[in-house]
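Observations on the model geometry
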Amino acid sequence: MTGMNERPEGQVKDAAPGNWVDSYAPQAMRPYLRLSRMDRPAATWLLLAPCWWSVLLAAAADQFTRADLWFMIGCTIGAFLMRGAGCSWNDITDRHIDAEVDRTKSRPLPSGQLSLRQAYIWMVLQAAIALLVLLTFNWATILLGAAALIPVAIYPFAKRFTWWPQVFLGLAINWGALLGWVAHFGTLGWPPVLLYLAGVAWTLFYDTIYAHQDKEDDTLIGVKSTARLFGENTKPWLRGFMMATVLLMAGGIILAMTPGASILALAMALMAAWGLGWHLTWQLGRLDIDDPELCKRLFWSNRDAGFIPVLFFAVAAFV
């Protein structure tokens, strides 16, 4: 029996104690679920939130329909599957780097819980099921969803050739901000593009905080990140990303909802940008870049930050 201060066998170091994978999942499935980060689902919500932003903003600008409900359900299923497939790809490409970093060397591949072949099969399986969900959407969404594989494929290599790998993560993880709008309207437009860019700026904010956990190991092995690039100037940079997030989101909202929306609906939608901005301000006020545990907790708090706009966009869609 596992002691009070011991981690279950195979548990990844930065997984939350008592998470459902290590507590309840079948033993044989645990390495696969760990590879998909199901024991650390915070980033799944970061992938899902922009999808819901986009669907609900489109509904607020037009009308919420039963199709939108399926879009939100389909995006939820797809977010879990594609985050799992993306993390599997990331760990396949980073397995040698992960073995050199204290926080990541307990992951399934560097720790030997899974073979490389098993990881590839698991990645393809998740992507194939996600494709089946995507095929229920309109053709414009299907093609746009397929294009998302480009930034997803590039992201794991970005830390090797640029100090800005967080940009590539932002381009990949916020793709849903484009998909939701196209699923509703069948075409792209400036409102979702601005929403997408707001998501990229938000990712630069939270993933820079996240990267400060590993900056010492990253320095030793030569991995690049915005945390290392900004160093002691991190807070001014984060303040700029926060402002960009709020202004870009507000711009997308105004373009989406004028001139047709009511003043009340527009005000509710704009509260989405305001609420997200206040949460990021709170994070910035607490941040200590030399406290890895605090950086991890602040990163996790972005799950809640991302769903603040969801709440206000939902209200705007129904007022």
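A brief report on the enclosed structure follows. These figures come from a predicted structure and were not determined experimentally. (Residues numbered from 1 in each chain as written. Predicted model: local features only at pLDDT ≥ 70, side-chain atom pairs only at ≥ 80, totals over all residues. Heavy atoms only, no water.)

Before going further, it helps to spend a moment on the overall build of the chain. A tally of helices and strands in the chain yields 17 helices and zero strands. The C-alpha radius of gyration computed for the chain amounts to 20 Å, which stays within 12% of the reference 20 Å derived for 319 residues, consistent with globular compactness. Expressed as lengths along the three principal axes of its C-alpha atoms, the size of the chain is roughly 60 × 45 × 40 Å. Per-residue burial over the chain gives 54% buried out of 319 residues. For the chain, the share of sequence-separated contacts (at least 6 apart) that also reach a separation of at least 24 residues comes to 71%. With the model as given, the accessible surface of the chain reaches about 14300 Å², and the carbon-plus-sulfur share is 68%. (Helix = DSSP H or I, 4+ residues; strand = E, 2+ residues; numbered from the N terminus. Rg over C-alpha atoms; globule rule 2.2 N^0.38 Å. Buried < 20%, exposed > 50% of the residue type's maximum accessible area, 1.4 Å probe, protein only. Contact = heavy atoms within 4.5 Å. Areas by Shrake-Rupley, 256 points an atom, 1.4 Å probe, with all protein chains shown as cover.)

Of all hydrophobic cores here, the largest spans 70 residues; its most connected members are W53, L57, F205, M249, I253, M257 and F313. Ranked by residues supplied to this core, first place goes to helix α3 (residues 42–61) with 14 residues. By size, the runner-up hydrophobic cluster in this structure holds 13 residues, among which are A85, I92, L109 and L114. (Core = buried A, V, L, I, M, F, W, Y, C linked by side-chain atoms within 4.5 Å.)

Time to look at helix α10 (residues 176–185). Buried residues dominate α10, accounting for nine of its 10 residues. Here α10 has its buried residues at G176, A177, L178, L179, G180, W181, V182, A183 and H184. Elements that come into contact with the buried residues of α10 comprise α3, α4 (66–93), α7 (139–147), α11 (190–211) and α14 (234–257).

As a further point, take the packing of aromatic side chains. Evaluation of the coordinates by the stated rule reveals 20 aromatic pairs. On the numbers, 5.4 Å between centres and 75° between planes, the contact of W164 with F230 is edge-to-face. Residue W164 is found in the loop between α8 (149–161) and α9 (165–173), and its partner F230 is found in helix α13 (residues 226–230); the two are separated by 66 residues along the sequence. A relative accessible area of 28% places W164 in the partly exposed class. Following the ring pairs from residue to residue traces out a cluster consisting of W53, W202, Y206, Y210 and F299. The ring of Y155 has K159 sitting right over it, with the charged end atom 5.6 Å from the ring centre. Positioned above the aromatic ring of W163, the side-chain terminus of K224 is 5.7 Å from the ring centre. (Phe/Tyr/Trp six-rings, centres within 6.5 Å; stacked < 30°, edge-to-face > 60°. Lys NZ or Arg CZ within 6 Å of the ring centre and 35° of its normal.)

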